[in-house]
Amino acid sequence: MNLDRRSLLTGSLLLAAPNLRAATRDGPPIVVVGAGAAGLAAADTLRRAGHAFALIEARDRIGGRAFTDRSLGADCAFDAGAQYIHWAERNPWAPIAKAAGSRIAVDGTWARTLLIDGRPATDAERASRRAGFSGLDALLTPNGADRSIAEAAAIGGPEAVQAAGGLARLSLGEEPERVSVADYDRLWSGADLWVDGYGALVASHFASLPVALGTIAEGIDWSGQGVRIATNKGPLEAAAVILTVPVGVLGAGTIRFAPALPEAVEGALQGLGMGAYTKVALRLDPARFDLRAVGDAVTAARSDGADQTIYFEMAPFDRPLAIANLGGDGARELCTAGEATAVAAMTDRLAGILGNTAREAVTGGRLAGWWTDPFARGAYSVARPGHADAREALRRPIADRVFLAGEALGDGGAMTVGGATLDGERAARAVLRVLGS
Ligand SMILES: Cc1cc2nc3c(=O)[nH]c(=O)nc-3n(C[C@H](O)[C@H](O)[C@H](O)COP(=O)(O)OP(=O)(O)OC[C@H]3O[C@@H](n4cnc5c(N)ncnc54)[C@H](O)[C@@H]3O)c2cc1C
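Residues numbered from 1 in each chain as written. Predicted model: local features only at pLDDT ≥ 70, side-chain atom pairs only at ≥ 80, totals over all residues. Heavy atoms only, no water.

Let's talk about the confidence of the model for the protein
Then, in step 1: On average, the protein scores 91 in pLDDT, and the residues at 70 or more come to 93%.
Then, in step 2: Overall, residues 1-25 carries pLDDT values under 50, and its contacts beyond four positions in sequence, including any with other chains, amount to 45 contacts. (pLDDT = per-residue confidence, 0-100. Contact = heavy atoms within 4.5 Å.)

Here is the structure:
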């Protein structure tokens, strides 16, 4: 039997029928909910094992939070979500990107400028920031009981506190008071490769997988022997479900569980929040303003802390774009305010740095507002202080038929595409083991 073909047929036909009962000759398939990196990797693992599966996805595209947005024009594609292959030495996406011939830039080679109150930072200000960051690594270890990054940094004085705030907001998307230092300490480190089109790479790598798009899981009934998944297109019967929706979606309660999730799972979910790392891409007319002339990146900070620190990428991969990056509560406010306000606010910040010529050259903008996106509800998972074990708790199968997966469960690879991918594969192998396949 051609197993690939069987998986394909299961995936594409079950949702075409009026009654979406996903039964195959060999019994119900495994249903994978969510076609981000974790769900795609899980489905691919099932396909390789020859097990029937159905992969459903709420959006009209695959990739989830790995998404290359082309809506500002083909010449202005940018990654609205993931862009770096972190810990590249062991990340499965590093060899995939190289084999695919992706354009890659390596961190450490960029010309960066630090502006404070709109002017270049003085030597003393730069030295103070360097001092804050240099001692931070040693401070951000649990050293006994878990606590927040803010608390751990406080021992290092004001410079360390400021550095911890920048790190928490601009790499984790969260306020430093709400991040567990023990969880942070567990995250893998290594080289960062900046891929031109990480989202497009993920989508093309898994393009041959059959996916039922526009299919929203609304309920999961695991009271019987298998699992019944209610979707906006009708119910699906499954032997087991691999649920890869972000923990923000699980926490929001938009998927009803019957019976309710076990207390241990609910408790673990409460220990994980979603950070609000946010990007606003501004398109500038290259005939009116040459962004390449102002260096690769500009960090714009305020000495009085009145405005949020923004990290602007200038002309990434030579595109006429300035991409504002921000995180934490300021980013949440911007997402809630909506695209027009966010684009106007970031245009103001850019003009504050580069002058009104830059403002006049702006011809469009996009807010990648993951915080208000109903299928993401944030950028990526953040463990709250005292909840560093929440990720592991979620990895335990529920009644051997509901398996959670995704970046939030990704061990040291949490918060990343690589971690989500590895975790999707882990969950698929766990299901296959339980089903004896
Ligand atoms: C702004 C930003 C920058 C980032 N930068 C990086 C980076 O540089 N490097 C890096 O490695 N990672 C980065 N990340 C994180 C990375 O994108 C994620 O960790 C990873 O993509 C998560 O994959 P996942 O499969 O776990 O979840 P997702 O990609 O979110 O996939 C889950 C899927 O489930 C779908 N879904 C949700 N609800 C339902 C439902 N009810 N029914 C059906 N489907 C549903 C969603 O639409 C989605 O497609 C970034 C994320 C953001 C937002």
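Alright, that's what it looks like, and here's the rest.
Some words on the pattern of salt bridges
If the charged atoms of two oppositely charged side chains come close together, the side chains can form a pair.
Then, in step 1: Tallying each qualifying case throughout the model produces 23 salt bridges.
Then, in step 2: The shortest N-O distance in the salt bridge between Asp 329 and Arg 178 comes to 2.7 Å. Taken together, the positions of Asp 329 in helix H12 (residues 329-337) and Arg 178 in the loop between helix H7 (158-172) and helix H8 (181-186) put the pair 151 residues apart, joining distant regions of the chain.
Then, in step 3: For Asp 329, a relative accessible area of 28% translates into the label partly exposed.
Then, in step 4: Here Arg 178 falls in the partly exposed class, since its relative accessible area comes to 29%.
Then, in step 5: In this structure, the salt-bridge partner of Asp 329 is Arg 332, at a minimum N-O distance of 2.9 Å. Of this pair, Asp 329 and Arg 332 are both found in helix H12, 3 residues apart, which corresponds to roughly one turn of the helix.
Then, in step 6: Residues participating in the shared-partner salt-bridge network are Glu 174, Arg 178, Asp 329, Arg 332 and Arg 384. (Salt bridge = Lys/Arg side-chain N within 4 Å of Asp/Glu carboxyl O. Helix = DSSP H or I, 4+ residues; strand = E, 2+ residues; numbered from the N terminus. Buried < 20%, exposed > 50% of the residue type's maximum accessible area, 1.4 Å probe, protein only.)

Section: the site of the ligand
Then, in step 1: Near the ligand, the surroundings consist of 39 residues, among which Glu 57, Arg 65, Tyr 84, Ala 217 and Val 417 are the closest.
Then, in step 2: With respect to the ligand, the backbone of Ala 38 contributes an N or O atom lying 2.9 Å from an oxygen atom.
Then, in step 3: Here an oxygen atom of the ligand sits 2.6 Å away from a polar atom, N or O, in the side chain of Glu 57.
Then, in step 4: When the ligand is considered free in solution it has 1,000 Å² of accessible area, and contact with the protein chains removes 98% of it.
Then, in step 5: Going through the elements one at a time, helix H2 (37-49) and helix H16 (417-435) are the ones with two or more residues in the shell around the ligand.
Then, in step 6: Grouping the amino acids of the shell around the ligand by side-chain chemistry returns 23 nonpolar, 11 polar and 5 charged.
Then, in step 7: The residue makeup of the shell around the ligand includes at least three contributed by each of domain 1 (3-63 + 206-273 + 383-435) and domain 2 (68-108 + 192-196 + 275-372). (Near = heavy atom within 4 Å. Polar contact = N/O pair within 3.5 Å; in protein donor to acceptor, adjacent residues only side chain to side chain. Areas by Shrake-Rupley, 256 points an atom, 1.4 Å probe, with all protein chains shown as cover. Nonpolar A, V, L, I, M, F, W, Y, C, P; charged D, E, K, R; others polar. Domains from an automatic or database assignment.)

Observations regarding unusual backbone geometry
Then, in step 1: The peptide bond linking Ala 258 to Pro 259 adopts the cis configuration, its omega dihedral lying at -5°.
Then, in step 2: Unusually for a residue other than glycine, Trp 87 sits at a positive phi of about 35°.
Then, in step 3: Looking at the secondary structure, you find Trp 87 in the loop between strand S5 (84-85) and helix H3 (93-100).
Then, in step 4: Residues other than glycine seldom take positive phi values, yet Asp 117 does so here, at roughly 55°.
Then, in step 5: When you line up the elements, Asp 117 lands in the loop between strand S7 (112-116) and strand S8 (119-120).
Then, in step 6: Judged by relative accessible area, which is 36%, Asp 117 ranks as partly exposed.

Focus on the sheet that holds strand S11 (residues 227-231)
Remark on secondary structure: sheet strands pair via backbone hydrogen bonds, oriented parallel or antiparallel.
Then, in step 1: Taken in spatial order, the 4 strands of this open sheet run S12-S11-S10-S14, and their pairing is mixed. Only two strands of the sheet have a single neighbouring strand rather than two, namely strand S12 (234-238) and strand S14 (256-258). With direction set aside, neighbouring strand axes in the sheet form an average angle of 20°.
Then, in step 2: Strand direction decides the pairing type here: strand S10 (residues 217-221) and S11, joined by 4 bridges, are antiparallel. (Pairing = 2+ DSSP bridges. Axes fitted to C-alpha atoms, helices over the stretch in contact; angles between N-to-C directions.)

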